[in-house]
Structure formats: structure tokens, C-alpha cells
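Analysis of the macromolecular model
So the chains spell out like this:
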Protein chains: 2
Amino acid sequence: MSQPIEVDACIVGGGVSGLKAFHTLLHHSQSKFNAENLVLVEAQNRLGGRIHTDHKSSKLGLSYDLGAAWFHDSLTNVVLKESIEDKSFNVSKDGYYDDKDIKVYASDSEKPLEINQAKLHRVAEDIEKFIELYFFEELDKEDIALCEIVEIFKAKYDDRLTEDQKRYCGLMLRYLELWYGITWDKISSKFAIMAHQGRNLYNKKGYDFVINKLLSKIPSDRVLLDHAVTFIDRNNKGHGKRVLVECANGQQIFCNYLVVTVPQSILALSPDSSHGITWTPPLPKNVCEALSKIHFGALGKVIFEFDAIWWSESEDRFEILADQVPNNSSLSAPLKGPPEKFTFPTFAINYSAMHGSSKASLALLTQSPLTEYVESHPEKAWSYFKPMLSKLAIDNKHVSDPINTITSNWTNNPYIRGSYTAVHTGDDPLDLITQLSGEHGCGLSEKNIRFAGEHTTIDGSGCVHGAYMSGEREALWVLKDTGAISG
Amino acid sequence: MSQPIEVDACIVGGGVSGLKAFHTLLHHSQSKFNAENLVLVEAQNRLGGRIHTDHKSSKLGLSYDLGAAWFHDSLTNVVLKESIEDKSFNVSKDGYYDDKDIKVYASDSEKPLEINQAKLHRVAEDIEKFIELYFFEELDKEDIALCEIVEIFKAKYDDRLTEDQKRYCGLMLRYLELWYGITWDKISSKFAIMAHQGRNLYNKKGYDFVINKLLSKIPSDRVLLDHAVTFIDRNNKGHGKRVLVECANGQQIFCNYLVVTVPQSILALSPDSSHGITWTPPLPKNVCEALSKIHFGALGKVIFEFDAIWWSESEDRFEILADQVPNNSSLSAPLKGPPEKFTFPTFAINYSAMHGSSKASLALLTQSPLTEYVESHPEKAWSYFKPMLSKLAIDNKHVSDPINTITSNWTNNPYIRGSYTAVHTGDDPLDLITQLSGEHGCGLSEKNIRFAGEHTTIDGSGCVHGAYMSGEREALWVLKDTGAISG
């Protein structure tokens, strides 16, 4: 068994927030930490967490981001800004702004919908404004599911909508399923509509460049892979350190500062489940309650590679609407077999247009419960999506079967268990952030134990830049607490 | 000379706010006023104010709204809601939602711009978001003109924009000139970006239906046309009434309550100017200062009628961008002759598509100083607009000269003098509303003198529904003050 490790600060989790925390602790101009005072433990045998650029699975020689793929809030995104400044990212070469202006297909329409002529986006925007007004009028109004508020809108403004608008615009709101990774019978309408600080910038370079940049400044011997944390003693007495961390392989780490960046889904596990963390004393009631009032989505990806392109090479993305179903609440039920075609809407990213190549590849976004199904049964993915993708065929081209299917595997990964924070109807998305961000004196009574990650921030919640900034935030807190920098 | 009139309440101004105030005072279920207790005086020989549906000028048998033409904030618009409920307005028959999704032309492009492919709207939205963030970061930040902040955006994000986006997206922001009726060298960027509560609904029916509906419930002998108010004694002692109003024709009106709904432009006139109102005692300093910190725009309309349609019949509106000019600040200088083509951007409303007819009519929006010029020289309008409108010609059709030109005449109307409130760079748009809306105990010390109109409200500022609600607001205040309804 390894010798115990004694350090000033230990970081749990090697995603972007943990790596940024480590990087800041080591490289801040006023930091007094050396690399040997720090250690990062990662449960998996790879780093990057929910940034995962797959360079190996393609049969066309391509790379795919199976996790994060966009710079969101591009006007204020710090990771983007820094990457442009240090020249590791060139927007015109490495990026693609793909917002809106997209072809939309539906099962009952031979051709793409006449989005502009029918003003479908404008009505969808009205629904979003209606949702805002609905809750603005009365702040304590009871939350309802997205699918329900859409029905209220449609009933209230029935005489102002065309037949096409009535048919499609509610279903268009299901695009939010591909933000949150859950179906609209679960999505909280109260918290569904986000304000974005600028367009979304698709990252063609592969998001691992951000991870690699951080790793290039972190000594590899201070990063321990395959070290899944199982136990944390918040009030350790031995070895002159305030915290004891134990890993599944028996490794003990004694430290004074602990930055916990495991996903929300891991924090929410009961200590006796196989990948949960046992805290001594247990996590306080306020944190546990906050964890019970928020959920975790399952945004996934399915990538089909083909011999040749049978769709338009020049359209960057395609949106395929779902059909109306008799009972929306059935949508979120776990799938025992492949769903009916057009049950779940999807976005298809057209590699040829986004990357300016002639490679025949379509990357589709999936939501829970479809994500769980296709991640466990990748071989069934094409039979579900084929009828939907066939809508994209042009010039009577033959819809060929894929030569390769790649799926993400987040829901089967016991250290990730999904994608990121998702607000179900009735959830409180702010309480957990209040408890974990450490900004308001809440959370644990031991202030030397900190939390970072996409689930601990409002600004960039669920995003790479949010996770990144949260890691920096906690590192700066530690540096202040040690007196290295002023508060 | 007429006998003095003695009433409980006098309303000055027969636009929508004054008429709604009268209507509410007379018809509120708990009102004790009879028609003979009330009088409304109007300076002009017509009612409606800046609602003016012209049924006479067309050579094609059409009617045109020379003033207000849209229901804005259609999700919350009270006038629209009431008109749908009382069946005086049928959205599918009488309305047309014309937001966005519009063809855009520029002088250097043979065909309409590839708005979607070039993602021009998306970048224009980013500029608006940038403006919001620019002032949000620092609330006391000095205001700058819209044309200036666009340059800051372009410089800051130069490496993220395509050549087409750099060329056109700043100029696209000049669409705001056709909201405010002033050029972008004057437009306050701090207050330029509005939140809309739903789409804009173009009113095909003619906005005078709202006026006529109110008039049908107001005895015509209680409405005095050609009665321009010249003098108001705030502290009258005679006739047992608290206020004396005198008109240019010598008519005296003694009243206890006065609701002043004259345009902001009239309030801002000095008492010794020919159409100003002399107040005794003069308007207090706080009101005069507030009036000096806000401006009045000049949105105008030019309507061309033709023998035949040589543009697309099916596009509802066309946007024609202006050219870049070397010196933006020259844009607002009064015009001594017709401007260079493509100096000012315009929107053209295509009657055939909006009304579903085959009538050859284009209605263009103009901003100051072009409005003043074309309203004084309607015969010069075509020579300015012809090169711009020629861009719309399709299928090699001949661009014929109009058979009829109709312009609004707001800037030459001494009782109107423009369109509505416009916020210049450095203005304070809220102070006047605070002073005049009476909600905060500011304004005049005589609380029985009230103000209504589009310039007295945040909610629906500059709009028909804002004016309408402000008239109702003041009538309800009077009813409360008389004890007819509870406070």
C-alpha cells in the first residue's frame, strides 16, 4: 500500500474546473505553493472530465467532442477570450458560429418547413416571452413543465396563430431538450429560458486543447489517475492536516485545503452506493436538501459516418422536430426498446458544412431517456434515426446506412452518470449554487473544503467556462486564505 | 365671445389618451360624472392626434395610417386585447405580424443580402447584447451615440467577424432610426435597446377604429375642435373652480380637474412661442428640467402608389440599408436639398403582401432630418428613394414612377411637431415620466392637474397602448380623488 500523501491542497477531479484550480494554485504570480504542495486525484484513467475529444473512433480520420463542443456566451466567455489572446484558438479557422438560421424538418412535411414565411421562429420567441411574463407577474407562481406552459400559450393566443404555427411552434420549444438533456415533460418552464451573452461558437479544434494547455503547465507526477475518492474526513486530527481523503485503492491524502470538483451526480449519490463518497461527518442537511432539489441531465451524442453525403453539404445544422404525442409525460419514461420514430427531436450537426470538408458525418444530439438507450445500444441508434434523417436526403440521393456509429457513453460512466445540471419542474436551481459556491458563507462549516464545477456557478452554469471560472474562484479563495494574496 | 364653460373636469387634447380619459370619466361603473360635467378641447379640427388614418389621398382606393400603425408588445397590449374581446379587431383578418424575416438590400449588392447564410441578424443581435453588457457592467457609464458603440463593438470583435458582417451588421443597427425617428449619431445607445413584450402586429384595419370606438361613446357636443389652449391658471380663484384654461379663440374653461394630454413637444415650447402654453404660475423647475433632458423624434411616412407592381408581391417588407458615411454626425444636420441616395436606411411596407391584394403601393418609414425634408417637399421624395427602391425590382421589370405620393406631415403640424419621445445621447428618459405620471408625488404641487400621453409612461412609451393606459390612469386618479372609487 502506498505511503500517505501529505500536501497543502488536494483537488478531487481532473476536469476543467479541477485542472484550472490546480493551475491557478501553482502559477498565480503571488502563490507560494510548489507543485509538491499540491496533488490532484482523478477517478478515471483519463483527464478532462466532460471534455472528451475522441480522436480514435472515426473511420474517416475525424475527431469528435463527445462532451462539451461549444463556447457559449461568446461575448463574455473567459476561456474563449484567453484562448484568442494566447493564440491557441483562431475564431475564423477553429470556430463556427452556428446559431439559429437553421433548416427545420417535420415528419408530416416533405420539404424543410417554410420557417421564415410561416414566421415560426417569431412565434417560438413569443412563447419564450410569454413564459417570462407568466412568471414575472407573480414571482411565487407554481412551476409547471415546459410542455404544459406551451399548451397554456396555445390556448390563450389560439386566435392569433396560423395552423402551421399551432402545429409546429410548441414542438419547436423542444429544442430546449437538447440544451438540458431532459424531455419537456420534465423541464421547468420557470427556469427554462436562459439569457445568453452572445452567440454560440462551435469549437472545431477539439475542446481538449483547453485541457492540454492546462496540463502542459502541471507536472504529471502531481496528477494521480485511477484514484477514485471514497472517503473524506472533514475534521481530521492526524498528520497535522485538517482533512483526510481516501481513495478506492487505499491511497490516503492528508491536506489542509480540499477542492472537490466531482460532478453534482456524484455528490448526490448516497455514501453507501458503489461510487458515492462517505463524508465524516456527513454532508450537512442544507447541502443534502439542496442536492435533492436539482437534477442531472443526460445530453448525449450519436455520430453516424457514411461513405458519401446524401444531404446538403452547405447547411450547418438540421433540426428535426418530434411528432405530437398523446401523453407527454410518457416521454421521460426509461426506454425498454427503440422508441417510435419522431418521438424525440434532434439537432444534426453537418460536419461537411461546419468544418468545410467533404467528410460524410452527422453528429446528433440526444436527450434522456434516449441518451441512456443509445449509449447502451449503439447498434440500435440507426434504426431509430434513419426515418428522421431520411428527411434530409436531397436530389433523390440514396439514404445509405452508416459505415460507423459512435456514441457518447456518459450515462454508463459511473464517475459522470449523465451530462450536467438540469432543472426539473419544481426544482430550485439556485440553492445548490448558494451552498457550494462558498460566496455566501453557506455550505460546510469547514471553509477549507471548497467546491468547484459547472454545478457551483450561475455564470456559465453547465458550461466549460463556468466550470473553469469556478476552479479559478476556489483557487483564489485558498490563496487569499493562506495570505498569499489579499482578500 | 362664448360664455365661459364650467365643468368638473377638462381634458386638453383629443388624441387616444385624452379620449380614453374622457371615456373612463364618463363610463366607469362608479363614476358620478355626467357628460355635462366634462369637456375635451382639441387644438386641431380633427381628433385622433397621432393616430391618423388617411382615407382620401390614395388613388388606388386605399387607406393609410400616417401615424401609429402597429400594435407593439402584442402579448400584453391592452388595446389589442380589448379590441379582440369586443370583436372590433380580428387578428387573422385585420392584422399582420411582420417582425423580422425580412429581405435586406444594400447599395453594393445586386441581390438581397444572404442574411441567413451570412448570419447577419445573429451578429446584429450580438451588437445589441454587447450594448446591454457595456452599460450593465457599470451603471453610471457615460452614454454614447449608437454609431459610436457600434464602432467599439466592431473594433473589439474584429477577429470574430466575417467581411460581410463587418460591412453590414453595424449599418443594420440603424433600423433603430425607424423606431425613434432620429439618426444614429443622436440615438442614445444606453437606452436604445428595448425589451418587447411579444411581436409587432401591423394594423391593416386602420387605427382610427380605436378612436371611433371611443368617440361613439362620447357626446360630440362635449368635444370642442379648433380650441387650442394658450393659457392655464393653476391656482384660479373665480367661478368656484380651481383651474382656468383659456383657448386661442378666447374660450374660457373653469374646472376642478385638468388632464393635459398635449404632446411633449408642446409642453417643451416656451410660453412666448406661438403655439406654447402660458402657465400661471409657470411650470416648476423640476418639470422644465426634465423636459430639457428628453427629445422628440420625427418618424415619418412616404407612400408611393404605382400603376403596377415591379417588386415581389409576396415579401411583406423590405429593408434597405444606408451606405457607410465618412462622418456620422453630419447625418442629423437639417437638409437643405435632397440627400445623397442611400444616406438614410428605410423600411418599405409592401401593401400587396401585407394586405393580400394586388395594389401597387409601398409605404416607407423616414427619420429626422429626412422626415422634415420630405414632409416639406413631397415632390422630391421619389428622386431620393428611386435608386434605393430600384433594388427591389425583379424579373427585369421596369421601375415605373409613382402615380401618387403621399407623405405624413407631422413636422409641419404646429400642434404635433414630430412623432414621439426620442432619447438622445445623454438624455434622461425617466425623469419626465417621473414628473408627469403623477405616480411618485412629483411634478406639479396642484395634484388636480394631471398629465397623460405616450410621454408620461414607461409601459408602452411612444405607443398607442401606452397613451391609452395613461389616459385611463389619470381618469382613475380623478375618480379616486372625487371619492367615486376607492384608492
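Notes on the structure in this doc start here.

Rules used in this analysis
- Residues numbered from 1 in each chain as written.
- Chains lettered and ligands numbered in written order.
- Predicted model: local features only at pLDDT ≥ 70, side-chain atom pairs only at ≥ 80, totals over all residues.
- Heavy atoms only, no water.
- Least-squares fit on C-alpha atoms with pLDDT ≥ 70 in both.
- Contact = heavy atoms within 4.5 Å.
- Buried area = accessible area lost by both parts, 1.4 Å probe.
- Salt bridge = Lys/Arg side-chain N within 4 Å of Asp/Glu carboxyl O.
- Polar contact = N/O pair within 3.5 Å; in protein donor to acceptor, adjacent residues only side chain to side chain.
- Axes fitted to C-alpha atoms, helices over the stretch in contact; angles between N-to-C directions.
- Helix = DSSP H or I, 4+ residues; strand = E, 2+ residues; numbered from the N terminus.
- Parallel < 35°, antiparallel > 145°, perpendicular 65-115°, else oblique.
- Left-handed = near helix turned anticlockwise from the far one by under 90°.
- Pairing = 2+ DSSP bridges.

**Some thoughts on the relation of the copies chain B and chain A**
- The two copies are related by a screw operation: chain B maps onto chain A through 180° of rotation and 0.1 Å of translation along the axis, at an RMSD of 0.0 Å. Accordingly, the operation relating the two chain copies is best matched by a two-fold axis.

**Structural notes on the interface of chain B and chain A**
- Every contact between the two is made by 37 residues of chain B and, on the other side, 36 residues of chain A.
- Summing both sides of the interface, chain B and chain A together bury roughly 3100 Å²; the carbon and sulfur share of this comes to 44%.
- Among the residues of chain B in contact with chain A, L75, R160 and R199 of chain B are the three that bury the most area, contributing 25% of the side total.
- Connecting chain B to chain A are four salt bridges.
- Notably, a salt bridge pairs K119 of chain A with D316 of chain B, separated by 2.7 Å at the nearest N-O pair.
- Joining chain B to chain A, the criterion identifies 10 residue pairs in polar contact (both at pLDDT 80 or more).

**Concerning the packing of helix α4 (residues 120-136) of chain B against helix α6 (residues 163-172) of chain B**
Residue and element names in this part refer to chain B.
- Contact geometry for α4 and α6: axes closest at 9 Å, N-to-C directions at 60°. One way to sum up the angle between α4 and α6 is to call them oblique. When you trace α4 past α6, the crossing you get is right-handed. Along the contact surface, α4 presents L120, H121, V123, A124 and I127, while α6 presents D164, Q165, Y168, C169, G170 and M172.

**Details of the sheet that holds strand β8 (residues 103-105) of chain A**
Residues and elements named next belong to chain A.
- The strand order across the open sheet formed by six strands is β8-β18-β19-β20-β17-β21, and the pairing between neighbours is mixed. Strand pairing shows two members of the sheet lacking a second neighbour, β8 and β21 (404-407), which therefore form its edges. On average, each strand axis in the sheet is tilted by 20° relative to the strand beside it, whichever way the strands run.
- Where strand β17 (residues 300-305) and β21 come together, four bridges link them in antiparallel fashion. Residue F304 lies in a different strand from β21, and its bridge partner there is T405.
- Strands β17, β18 (317-320), β19 (346-350), β20 (361-366) and β21 of the sheet are contacted by helix α13 (residues 381-389), whose axis makes an angle of about 75° with β17.

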